[in-house]
Amino acid sequence: MDIKNIIIIGSGPAAWTAALYAARGELKPVVFTGVKSGGQRGGQLTTTFEVENFPGFPLGVTGPELIRLMEEQARKFNIEVYEEDVLEVDTTSYPYAVRGTSNNFFTKTVIIATGAYAKKMEIPGHTEFWGKGISACAVCDGALPFFRNQPLAVIGGGDSACEEASFLTKYASMVYMIVRKDHLRASKIMQERVKENPKIKIIFSHTIEKAMGGITLESILVKDVNSGETQKLAVRGLFYAIGHQPNSEIVKGKIELDATGYIKVKKGTTHTSLEGIFAAGDVSDKRYRQAITAAGMGCMSALDAEKWLSENSHKENILIEKS
Ligand code: NDP
């Protein structure tokens, strides 16, 4: 079987930037884009409507367009792309083996850039109304006719929640933001935007207890965290915006993860706990989680891998040598 220099797993900003740098470094990288990790190929940017903070786009750019441009740029160079999920990264021998749904390769290095996905809430009614009023992606689902001119709710108080609530006001009659604390966690500019939007009503210090309805969602029960009082809100849509979970399952038990599943990297680098395996983007970053930082880490991971290859690739079995 072919032994590759670098296999990059992912298709978000970290992955395409790593591919661009590795290809320009003449390493002929292989990219497994994934089809289901994080919900969809292209990662979370594909579900972000307006990106106003990626330098070089003074007029803003949509998330899907930004990803499309990144991919197009990487593909101008010598890369091999497989549109499939990686099922296993076998780290028990070296070169490592990467098994996809249709293609398998040995590889000298791996860059994990599998991103993260939006968390869901296991409230009563979640399973019943998932896809029938409940969603974790306003940008994907908000424009559906079902939600038009209806009252909707977003749960969360971070940037995602503010962004989703603002986006939904284009279609909804009104949007409730259900926030468990007495303040928002979002950046100041996003806070201002939702506070100034007449279609958004922020309900602070409340959690959601359950989702109710018939065939589709009709209402939610929210609880005041201080008094314990509950109230029913008539809404046709409920959108979770409560943070993210890293897509690190394929390397769980093989490289070091932190308590919440993020891949640990050596400070200031993209080196993981295993030689020749690197991590970039949201799968290893719970602090910044931005498209631009993911792209930066993608660049770092390709440079780290390139340097590591030049120092180690002559060795027959790195795992044995290191142990
Ligand atoms: P955050 O972790 O920042 O916010 C999650 C929010 O959900 C918090 O308000 C949190 O409450 C709340 N929450 C979590 N769990 C629950 C629960 N079980 N019940 C009720 N509420 C809950 O995640 P985001 O996805 O908003 O943002 C992640 C990162 O991405 C951030 O760095 C953000 O800046 C960035 N981002 C930037 C955007 C932009 O610049 N355009 C857009 C979107 C995200 P609490 O505060 O109480 O913990």
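See the structure printed just above.
Now for a description of the structure that goes with this document. In this text the structure is predicted, and so the values were computed from the model without any measurement.

### Digging into the side chain of Glu84
Its location among the elements puts Glu84 in the loop between β5 (80-82) and β6 (86-90). Despite being buried, Glu84 has no salt bridge partner; Arg41 is the closest side chain of opposite charge, sitting 11 Å away. A distance of 2.8 Å separates the side chain of Glu84 from the side chain of Asn103, its partner in a polar contact. When sequence neighbours within four positions are dropped, the list of residues in contact with Glu84 reads Phe32, Thr33, Gly34, Val35, Gly100, Thr101, Ser102 and Asn103.

### Quick word on the pattern of salt bridges
Side chains that carry opposite charge are capable of pairing whenever their charged atoms lie near each other. For the structure on display, the rule yields 14 salt bridges. For Glu80, the salt bridge goes to Lys4, with nearest N and O atoms at 3.0 Å. With Glu80 in strand β5 and Lys4 in strand β1 (residues 3-9), this residue pair connects regions lying 76 residues apart in the sequence. Judged by its relative accessible area of 8%, Lys4 is buried. The closest approach of N and O atoms between Lys252 and Glu249, which form a salt bridge, is 4.0 Å. There is no split in this pair, since Lys252 and Glu249 are both exposed. Linked through salt bridges whose partners overlap, the residues forming this network are Arg41, Glu71, Arg75 and Glu83.

### Section: the pairing of β6
Bridge analysis of β6 against strand β7 (residues 96-100) gives four bridges, and the strand direction is antiparallel. Paired with Asp90 across the bridge in β7 is Ala97. Between β6 and β7, which pair antiparallel and follow one another directly, the connecting turn spans five residues.

### Examining the site of the ligand
Surveying the vicinity of the ligand reveals 18 residues, the closest of which are Gly157, Asp159, Ser160, Arg185 and His244. Between an oxygen atom of the ligand and a side-chain N or O atom of Asn53, the distance comes to 3.0 Å. Look at the ligand: alone it shows 920 Å² of surface, and the protein chains cover 81% of it. The element best represented in the shell around the ligand is helix α5 (residues 159-168), accounting for three residues. When the residues that make up the shell around the ligand are grouped by side-chain class, the tally is four nonpolar, eight polar and six charged. When residues are assigned to domains, the shell around the ligand turns out to be shared by domain 1 (3-117 + 244-315) and domain 2 (120-240), each giving three or more.

### Section: unusual backbone geometry
Between Tyr94 and Pro95 the backbone carries a cis peptide bond, its omega angle lying at 0°. When you line up the elements, Pro95 lands in the loop between β6 and β7. At Glu26, a position not held by glycine, the phi torsion is positive, near 60°. The topology assignment puts Glu26 in the loop between α1 (13-24) and β2 (30-32). Relative accessible area serves as the criterion here: at 69%, Glu26 is assigned to the exposed category. With phi around 55°, Ser205 is a residue other than glycine that occupies positive phi space. Counting through the fold element by element, Ser205 comes out in the loop between β13 (200-203) and β14 (206-213). Residue class for Ser205 comes out buried when judged on its relative accessible area of 12%.

Here is what the cut-offs are and how they apply
- Residues numbered from 1 in each chain as written.
- Predicted model: local features only at pLDDT ≥ 70, side-chain atom pairs only at ≥ 80, totals over all residues.
- Heavy atoms only, no water.
- Helix = DSSP H or I, 4+ residues; strand = E, 2+ residues; numbered from the N terminus.
- Buried < 20%, exposed > 50% of the residue type's maximum accessible area, 1.4 Å probe, protein only.
- Lys, Arg positive; Asp, Glu negative; His and termini not counted.
- Salt bridge = Lys/Arg side-chain N within 4 Å of Asp/Glu carboxyl O.
- Polar contact = N/O pair within 3.5 Å; in protein donor to acceptor, adjacent residues only side chain to side chain.
- Contact = heavy atoms within 4.5 Å.
- Pairing = 2+ DSSP bridges.
- Near = heavy atom within 4 Å.
- Areas by Shrake-Rupley, 256 points an atom, 1.4 Å probe, with all protein chains shown as cover.
- Nonpolar A, V, L, I, M, F, W, Y, C, P; charged D, E, K, R; others polar.
- Domains from an automatic or database assignment.

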